[in-house]
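Listed below, chain by chain, are the residues.
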Amino acid sequence: MRIFSRLVTFIVVFLIAYFGGAVLLSVINIGNRPLMKIATRNPVIPGDFGFTLPRFQEINQHQNIDIVFVGSSHCYRTYDTRIFASNGLRAFNMGTTGQTPLNSYYLLKAYLEKLNPQVVVFDLNYRVMNRDGLESFYDLSTNAPYNSGFWGMALSIGNPHAFNEAISSWILDLLNKAPQYTQKDRDGEAYTPGGYVEFTDYLEVNEADFLQPWEEPSGGYQPQEIELNRSQLAYIARIIELVKSHGAKIVLLTKPEPQENLKVVANYDEISTDFASIAAKYDIPFWDYNKIAHPLKTEKHYHDKEYLNPFGVNIFNALLLRQLQTEGFLPENLSRAK
Amino acid sequence: MLFNSFEFTLFFPIVVFTFFLLPHRFRWAFLLGASYYFYMCWKAEYLVLIIISTLIDYFAGIQMGKISEQAKRKKYLYLSLLANLGILFSFKYANFFSESMRIALQQFNIFYEMPLFDWLLPVGISFYTFQSLSYSIDVYRGEKTPEHHLGKFALYVAFFPQLVAGPIERSVRLLPQFDKPVSFDYDRVVSGLRLMLWGFFKKLVIADRVAIYVNEAYNHPAEYQGLVLIIATYFFAVQIYCDFSGYSDIAIGAARVMGYDLMTNFRQPYFSRSISEFWRRWHISLSTWFKDYLYIPLGGNRVDKYRWYFNLFMVFLISGLWHGANWTFVFWGALHGFYLVFAIVSTNFRDSLAKLSGLASLPWLRNALKVFVTYHLVWFAWIFFRANSIGDAFLIIERMLMLDFSGDALGNISLALGTGEFLIALAFIAFMEMVHLFQTRISLQQWFTARPLYFRWLVYYTLLLSITLFGVFSRSEFIYFQF
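In what follows, the accompanying structure is described. Per chain, residues are indexed from 1 in the order of the written sequence. Just so you know, chain letters begin at A and ligand numbers begin at 1, following the order they were written in. In view of the model being predicted, local features appear only for residues whose pLDDT reaches at least 70, and side-chain atom pairs are presented and counted only at 80 or more, with totals across whole chains, interfaces and linings using the full set of residues. Side-chain numbers here rest on the full set of heavy atoms in the structure, without hydrogens or water.

### A closer look at the interface of chain B and chain A
Right, on to step 1. Any pair of residues with heavy atoms lying within 4.5 Å of one another is described as a contacting pair. In this assembly, 21 residues from chain B lie in contact with 19 residues from chain A.
Right, on to step 2. Accessible-area loss on putting two parts together, using a 1.4 Å probe and summing over both, is the definition of buried area adopted here. Interface area for chain B against chain A, summed over the two sides, is near 1,800 Å², with a carbon-plus-sulfur share of 74%.
Right, on to step 3. Taken as a group, Y461, L469 and F473 of chain B account for 34% of the area that chain B buries against chain A, more than any other trio of residues on that side.
Right, on to step 4. For this analysis, a salt bridge means a side-chain nitrogen from Lys or Arg found within 4 Å of a carboxyl oxygen belonging to Asp or Glu. Seen at the junction of chain B and chain A, the total is 1 salt bridge.
Right, on to step 5. Definition of a polar contact: a pair of N or O atoms within 3.5 Å, with one able to donate and the other able to accept a hydrogen when the atoms are protein atoms, and with sequence-neighbouring residues admitted only if both atoms are side-chain atoms. Between chain B and chain A we count 7 residue pairs in polar contact (both at pLDDT 80 or more) in total.
Right, on to step 6. Among the elements of the structure, helix 8 (186–219), helix 18 (418–441) and helix 20 (453–470) of chain B are those that each provide at least two residues to the side of chain B that touches chain A.
Right, on to step 7. The element best represented in the side of chain B that touches chain A is helix 20 of chain B, accounting for 9 residues.
Right, on to step 8. By the convention adopted, Pro, Cys, Tyr, Trp, Phe, Met, Ile, Leu, Val and Ala count as nonpolar, Lys, Arg, Asp and Glu as charged, and the other residues, Gly among them, as polar. Split by residue class, the side of chain B that touches chain A holds 16 nonpolar, 3 polar and 2 charged. Strands are runs of DSSP state E lasting at least 2 residues, helices are runs of H or I lasting at least 4, and numbering of each runs from the N terminus.

### A short note on the nonpolar core
One broad rule of soluble globular proteins: the nonpolar side chains tend to lie buried together.
Right, on to step 1. Put simply, a nonpolar core is a bunch of buried Ala, Val, Leu, Ile, Met, Phe, Trp, Tyr and Cys residues held in one set by side-chain atoms that sit within 4.5 Å of each other. Accessible area is worked out with a 1.4 Å probe on protein chains only. A residue is then buried under 20% of its type maximum, exposed over 50%, and partly exposed in between. F8, F159, Y213, Y270 and W382 of chain B are the most contacted members of the largest nonpolar core, which has 161 residues in total.
Right, on to step 2. The leading source of residues in this core is helix 9 (residues 226–257) of chain B, at 19 residues.
Right, on to step 3. Here the bounds of each domain stem from an automatic or database domain assignment. In terms of domain composition, this core takes at least three residues from each of domain 1 (6–181) and domain 2 (188–482) of chain B.
Right, on to step 4. Once residues within four sequence positions are removed from consideration, F8 of chain B is found in contact with M1, L2, F3, P13, F38, F160, M196 and F200 of chain B.
Right, on to step 5. Counting 55 residues, the second-largest nonpolar core is a separate cluster that includes Y105, L107, L124 and I157 of chain A.

### Some words on the pattern of salt bridges
All names here are of chain A.
Right, on to step 1. In this structure the tally under the stated criterion is 27 salt bridges over all chains.
Right, on to step 2. Among the ionic pairs, R82 bridges to D80, the shortest N-O distance being 3.0 Å.
Right, on to step 3. Taking the shortest distance from any N to any O, the salt bridge between D269 and K291 comes out at 2.6 Å. Taken together, the residues span a long stretch of sequence, with D269 in helix 12 (residues 268–281) and K291 in the loop between strand 9 (286–288) and helix 13 (298–301) at a distance of 22 residues.
Right, on to step 4. Looking at K291, the relative accessible area reads 47%, which means it is partly exposed.
Right, on to step 5. Via salt bridges that share partners, D48, R77, R186 and E189 belong to a single interconnected network.

### Here we look at helix 12 of chain A
Residue and element names in this part refer to chain A.
Right, on to step 1. Spanning 14 residues, helix 12 covers 20 Å between terminal C-alpha atoms, matching the ideal 20 Å at 1.5 Å per step.
Right, on to step 2. Within helix 12, the full set of buried residues consists of Y268, I271, S272, F275, I278 and A279. Seen along its axis, helix 12 keeps its buried residues to an arc of 120 degrees; they face one direction. Exposed side chains of helix 12 directed beyond 90 degrees from the buried face belong to D269, E270, A280 and K281.
Right, on to step 3. Check the buried side of helix 12 and you find it contacts helix 10 (230–245), strand 8 (249–254), helix 11 (259–262) and strand 9.
Right, on to step 4. Positive phi appears at D283, one or two residues downstream of helix 12, with a value of about 55 degrees. To estimate how far a helix should reach, multiply one less than its number of residues by 1.5 Å. The arc in question is the one spanned by the directions pointing from the helix axis to the C-beta atoms.

### As for the packing of helix 13 (residues 327–345) of chain B against helix 15 (residues 363–386) of chain B
When two helices pack together, their arrangement is given by the angle between their axes and by how far apart the axes lie.
Residue and element names in this part refer to chain B.
Right, on to step 1. It is at 8 Å that the axes of helix 13 and helix 15 come closest, and there the two elements cross at 160 degrees. Taken together, helix 13 and helix 15 sit at an angle that is classed as roughly antiparallel. Judged by the sense of rotation from one axis to the other, the crossing of helix 13 with helix 15 is right-handed. Packed against helix 13, whose contacting residues are T328, F329, F331, W332, L335, H336 and Y339, the element helix 15 presents L377, V378, F380, A381, W382, F384 and F385 at the interface.
Right, on to step 2. Class assignment for the residues of the contact of helix 13 with helix 15 results in 12 nonpolar, 2 polar and no charged. Only the contacting stretch of a helix is used when fitting its axis, a line to C-alpha atoms as for every element, and angles between N-to-C directions run 0 to 180 degrees. If an angle is under 35 degrees, it is roughly parallel; if it is over 145, roughly antiparallel; if it lies from 65 to 115, roughly perpendicular; otherwise it is oblique. Crossing handedness: left-handed means the near helix sits turned counterclockwise from the far one by under a right angle, and right-handed means the same turn made clockwise.

Shape descriptors only; they carry no functional weight alone.
This is the structure in structure tokens:
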């Protein structure tokens with residue numbers, strides 16, 4: 001009994017000491033960064049890459065929207081909410097750097113009620129499917145305001161760094177001492193209200209004149225298998241259930257990639273089949289634009305080996321808009337929708 | 001399963017709790033099951049190798065026990081040697097020798113593609129084969145009676161705290177402990193947990209943090225020079241000590257919690273005054289293994305002096321090869337062998353020099369100098385141990401000499417760690433070294449347990465908070481797993 005009570009006392013005192021330590025590391029700033037960020041090895045520079053800061057500064061202005069896009073950088077560089085707005089649709093792009101399904105799930109849990117979308121477009125990218133979600137959480141805990149989803153995210157990632165980040169964000173929010181950052185200008189890209197990030201180094205060029213040569217890697221393509229993290233696949237299912245329970249529709253989607261790029265993924269077909277089977281289980285669509293015919297050309301419509309350029313974005317978004325209409329996710333006559 | 005994993009934080013308390021709930025007669029079976037599960041979490045199929053090694057050595061031991069004449073026992077010893085070294089060679093060295101042979105033949109314009117095996121190096125193979133071998137040799141020599149209980153012998157080979165990275169236990173020490181009933185002893189459990197805490201601190205707070213710096217510099221040696229490479233090598237000396245001694249502390253502590261004593265593996269080795277002392281304080285279980293089963297059978301120092309030098313050199317060459325199938329390890333071992341032989345050859349000269357310079361009359365200064373020189377000899381050898389190739393090692397040495405004290409160079413000295421983390425790393429290393437210095441003067445264990453409760457708890461909280469708030473949780477493996 002004595003041992004038991006001593007153990008309980010030890011644990012309680014430790015928790016208090018841990019909390020005290022976390023408060024100290026959170027409020028001591030080194031170069032406008034809480035010391036906790038150094039302790040957790042958080043490499044994210046506030047208000048820089050990915051534009052998560054302005055995205056989450058404006059998120060509370062959006063409610064009862066038509067479409068929300070979630071996913072990684074492939075999401076925020078692909079779905080141009082202005083194109084949807086010009087068709088009378090209120091859209092918000094909640095994509096963030098390295099966002100895995102685990103991160104998307106807890107972000108949706110935190111913001112779905114407020115955004116109250118009709119349709120959720122969930123961009124699935126194989127690149128983030130073997131990650132644990134810590135990279136994305138580092139970005140969110142640095143650039144997004146504290147929200148209740150942080151705890152779930154931190155515990156599910158299962159890394160003490162994530163938990164320390166979550167508790168630090170909570171403490172700073174509680175003490176109203178969250179550092180105030182401003183978004184830096186970034187060469188060649190710009191944030192647009194609604195969450196889309198545009199490559200600006202193309203704006204002065206006409207599509208007809210633009211041609212980007214594709215360079216094959218020296219030594220040829222070396223296909224490699226990408227092992228999917230089973231837990232991330234489980235979060236896709238949880239997202240579908242969450243969105244459905246909210247009464248919204250959901251579409252799983254993989255945006256087009258240069259076909260040459262897919263040559264390096266030895267098991268792309270398997271990955272696509274895995275995504276399709278999850279969608280089929282919940283009777284929702286999965287549109288893999290790498291398997292659907294489209295007019296996008298590697299040399300003309302891509303910024304680099306991963307992302308579309310603004311010409312490609314325009315074409316692809318028009319295509320997606322049409323497909324969402326024809327498949328009944330959006331009204332046929334958009335002008336009457338509002 | 002890694003000690004520094006979330007799985008282990010669940011596994012260990014469950015094992016300890018169940019262990020103490022079970023009656024003594026079932027404990028060996030439970031621990032054996034837990035140990036096999038521990039290993040299978042890494043790669044289940046490689047458990048077969050442990051079982052093969054166990055069965056062969058068990059059989060060889062029993063057979064040797066039936067024969068009184070040592071000469072007739074030899075064939076069973078050979079069986080054990082062949083099986084264990086065969087497994088070790090096939091899985092660890094076959095590709096290395098194949099590749100080295102191919103390169104050697106190329107020098108004579110003979111182009112021959114040697115077969116390469118596409119299999120993973122089984123974790124801890126060098127440790128459990130050596131542990132199992134020591135049993136066979138001890139039984140052969142008549143220093144140990146054969147173990148008739150197959151289950152307990154299997155537990156001796158696979159006991160999870162020391163299965164994958166030692167300490168390499170001797171059967172005469174560990175096997176009898178499995179027969180002895182153990183009851184829950186609060187003080188012993190606390191002492192074991194304390195040692196584990198210290199081990200986790202060294203691994204997670206220091207080793208894994210400085211590893212970031214070391215990896216960056218050593219994986220791109222052509223991009224760095226001077227101070228960065230020098231600091232990276234100092235950091236590697238810290239990293240390998242904290243990583244390996246941290247693992248040993250966790251292993252010894254985990255076994256102690258359950259009532260088993262494993263041998264001490266490190267005794268502040270960087271305070272050694274000579275290379276031979278260093279090897280009496282670094283990876284003690286391996287050094288004594290080589291001494292008992294290789295150096296002494298070769299004749300030790302009871303031979304003529306040239307043969308003695310040869311014996312020393314060979315032991316360290318083989319010790320280098322034991323560490324890894326790469327010429328860098330062979331070179332590292334050879335370098336230590338050379339240090340030892342040179343130390344013997346130059347003893348008289350160094351003593352004369354000490355007398356001439358007056359150092360002999362200042363023993364504290366001479367000792368400090370000896371520690372400094374020994375440390376730096378070891379430090380220099382670590383370059384070969386850590387470098388990705390012999391070529392890289394020489395490149396690093398060459399680039400170390402390109403010292404640049406310009407503002408830019410000094411500004412970038414923290415490298416991948418960043419200034420904040422660099423300073424955090426230095427602060428924790430300083431703290432550890434203060435503890436080590438303290439340990440050289442007194443028995444820390446005795447001193448610590450005599451302190452009042454609040455002081456002890458303060459230390460526990462300091463270590464726990466350092467781990468939870470400043471630990472690096474990248475799930476990195478322990479360096480010695482690869483050996």
